[in-house]
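# Observations on the three-dimensional arrangement
Spelled out from the first residue to the last, the chains are:
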Amino acid sequence: MAFRLLSTRVYYKTSKYAPVGAVCLRLELPDGTSPEIQSDTVNVLLSEIGGRSGGSRAFVSGGKTQLEVYCGLVLGLQYHAGYEVAYSRVEACGADRQYRVFIEYEDHASALYAADVALDIFNALHKSPGGLAPDAILTLREQQDEYVAFATARRQDPNSGLLKAAARKLHVPFINLDLPWRVPTWPGADERSGVVQYGWGFNQGRCKGGMSLGSLSPRQLEDCSDRAFVLPRLKKAQLPVAGQDLEFINRNQVRRAQRSAGRIGYPVMIRPRVAAVPQYGLFDSGVFGPLENDEQVALVTTYLREHARTDIWVESFVPGTHYRFLVLDNEVVSALRMIPPTIVGDGVRTVADLAQLRAEMAESADSHRIWHQHAQGDGALLCRLQLKGMNLSSIPAPGEEVALRGEGSHYNGGSGEEALADLRDCFNSVARQAANILGLQQMAGVDLVIADLQGPAEMPNCAVTGVDPVPDLVVHSKASKANDRNIPGKYFSMLLPRGTSFRIPSVAVTGTNGKTTTSRMIAGILKESGLKVGLSCSDGSYLDDEILVQTDEAGVLGANEVLSHTGTEAAVLETARGGMANTGIAFERID
């Protein structure tokens, strides 16, 4: 007899079973004649499956019973795919050998998939307690890889995760607008919008990742991503920028790019004319340089046109260190010294081997994927190596540093070091001015190259090389944690007008009888006071006299309906016991 998964249920946010959103799995264990599966056995198998599941093994090692080991494996698989989860609990059911386990999730479909994979691992060990055959190990490895591909594709923008974690600590309510409220056990793998609402009703801001959907128009996003729009405006305002060939923008043919480089003067940089939005998730920024001659310009232009399929931009090379300034609410709150992903030669291993070594040392699926891709070598990396006279089989000299990307980011194996304390006000002023000129004073990422921190904030010592309307908050928050810069807190201060609460007057009504009548009475009182009232009850969801949904809404569905409506100034939420038991509670705090 094998381990069996009898049923599943999904609880939204807090419930009487768990203090967080959790999936509930009803499991049936094999009969008592079977030996218990121990954490050491599972960890040995995990090593054989992938050799890169350090995070999973750490979760598993905390289990004392086999069900705790199982919970640790489900949590570990989610963690391995990049989800920040930690909570689990086991309780016995009335039936013999049946148990319910509650496991935290960020994306419930990924959690349920992880539960299936963990069950397959347990059953494989149950059938072959002496060890698995190579073909069985290969099958489980393929299953794990398929799970990671599924789960990583479903993750929300990392900035959403950062902001939601901060919102919990700051008691800022939020609603995942892409969660399928009306089908709580939705199993699909459809692409999600990643839109999160912070605040309730009238006092809300909606964000996609780190981008506030109310602060930027589509036209502004398009303009601020085009260097042909940005750089002339910065130059007109007398901000330091690299030398440009602004009179000859179309450089998409090799000869035109070479002529443009000749007019500017070597060495030059080549980068995409229009940056992707958001830029921060890009594996390779497409920035190449310094390029010293026509041959190198031809190589890069051909790559960008044929492989990256992007219009190119040629500008003078400005020597120095790359800094990324984060401007929030017209204040520079962080400045990072950006470091590209780099390998260090040992005189023995090839470029590919050194990158693969980093992959094998990785503790997370993301880090493994990044360095494994470096080891495989995509078009951008091969182009960069060719500019250095190298390829993947080249053996760097001992101590030789080889940068694998033009710029570093949290998403390509690079990193950022907080440097704001080292930077003088003149550089901060340039970053603020660049954001203001483009109407991005609420939020912007401004890239500066600075040669000498004691020198002036002008060419050739300093140059603005880019302005990002949707900067990455995660990399700044990670680097700034030790310096307590509270990036998410400052973001929330920017999101709503100063002094505005993220909450609205709210009442939750529960009990045995009379819940709907009481809810309607309270809604009527609030309406008489001049507020626009959102009401969810067993009759439906309403905004004043307007019917939003006409069905039983006394639970998570109705609460989310009225709390996400931008017209709601006060909320009355009937909260039925059955709804709490079946789907959880839509809020963590209530007036």
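Values in this document were obtained by computation on a predicted structure and should not be read as measured data.

### Looking at the state of the cysteines
This model, assessed by the stated rule, comprises zero disulfides. Unpaired in this structure, Cys426 has its nearest cysteine sulfur neighbour in Cys462, at a distance of 7.6 Å.

### Some thoughts on the packing of aromatic side chains
One pass over the full model with this rule turns up twelve aromatic pairs. On the numbers, 5.4 Å between centres and 85° between planes, the contact of Phe3 with Phe122 is edge-to-face. Here Phe122 lies in helix α4 (residues 108-127) and Phe3 lies in the segment before β1 (4-11), a separation of 119 residues in the sequence. Accessibility assignment for this pair places Phe3 and Phe122 in one class, buried.

### Remarks on the pattern of salt bridges
Going through the model one piece at a time under the given rule, you end up with 22 salt bridges. A salt bridge links Glu315 to Arg271; its shortest N-O distance comes to 3.2 Å. Placement of the pair is Glu315 in strand β11 (residues 312-316) and Arg271 in strand β9 (residues 268-272), with a sequence separation of 44 residues. Given a relative accessible area of 9%, Arg271 falls into the buried group. Residue Arg384 pairs with Asp284 through a salt bridge whose shortest N-O separation is 2.8 Å.

### Some points on the confidence of the model for the protein
On average, the protein scores 87 in pLDDT, and the residues at 70 or more come to 90%. Per-element confidence in the protein is highest for helix α14 (residues 425-437), whose mean pLDDT is 97, and lowest for helix α2 (residues 54-61), whose mean pLDDT is 58. Across residues 181-191, where pLDDT falls below 50, the model places 25 contacts with residues more than four positions away in sequence or in other chains.

### Focus: the sheet that holds strand β3 (residues 88-92)
Reading across the sheet, the four strands line up as β1-β2-β4-β3 and stay open at both edges, with antiparallel pairing between neighbours. Each edge of the open sheet is held by one strand with a lone partner, namely β1 and β3. Within the sheet, the average angular offset between the axes of one strand and its neighbour, ignoring direction, is 20°. By the bridge criterion, seven bridges tie β1 to strand β2 (residues 22-28) in an arrangement that is antiparallel. Counted as the bridge partner of Arg9 is Cys24 from β2.

Reading the values: rules and limits
- Residues numbered from 1 in each chain as written.
- Predicted model: local features only at pLDDT ≥ 70, side-chain atom pairs only at ≥ 80, totals over all residues.
- Heavy atoms only, no water.
- Disulfide = S-S within 2.5 Å.
- Phe/Tyr/Trp six-rings, centres within 6.5 Å; stacked < 30°, edge-to-face > 60°.
- Helix = DSSP H or I, 4+ residues; strand = E, 2+ residues; numbered from the N terminus.
- Buried < 20%, exposed > 50% of the residue type's maximum accessible area, 1.4 Å probe, protein only.
- Salt bridge = Lys/Arg side-chain N within 4 Å of Asp/Glu carboxyl O.
- pLDDT = per-residue confidence, 0-100.
- Contact = heavy atoms within 4.5 Å.
- Pairing = 2+ DSSP bridges.
- Axes fitted to C-alpha atoms, helices over the stretch in contact; angles between N-to-C directions.

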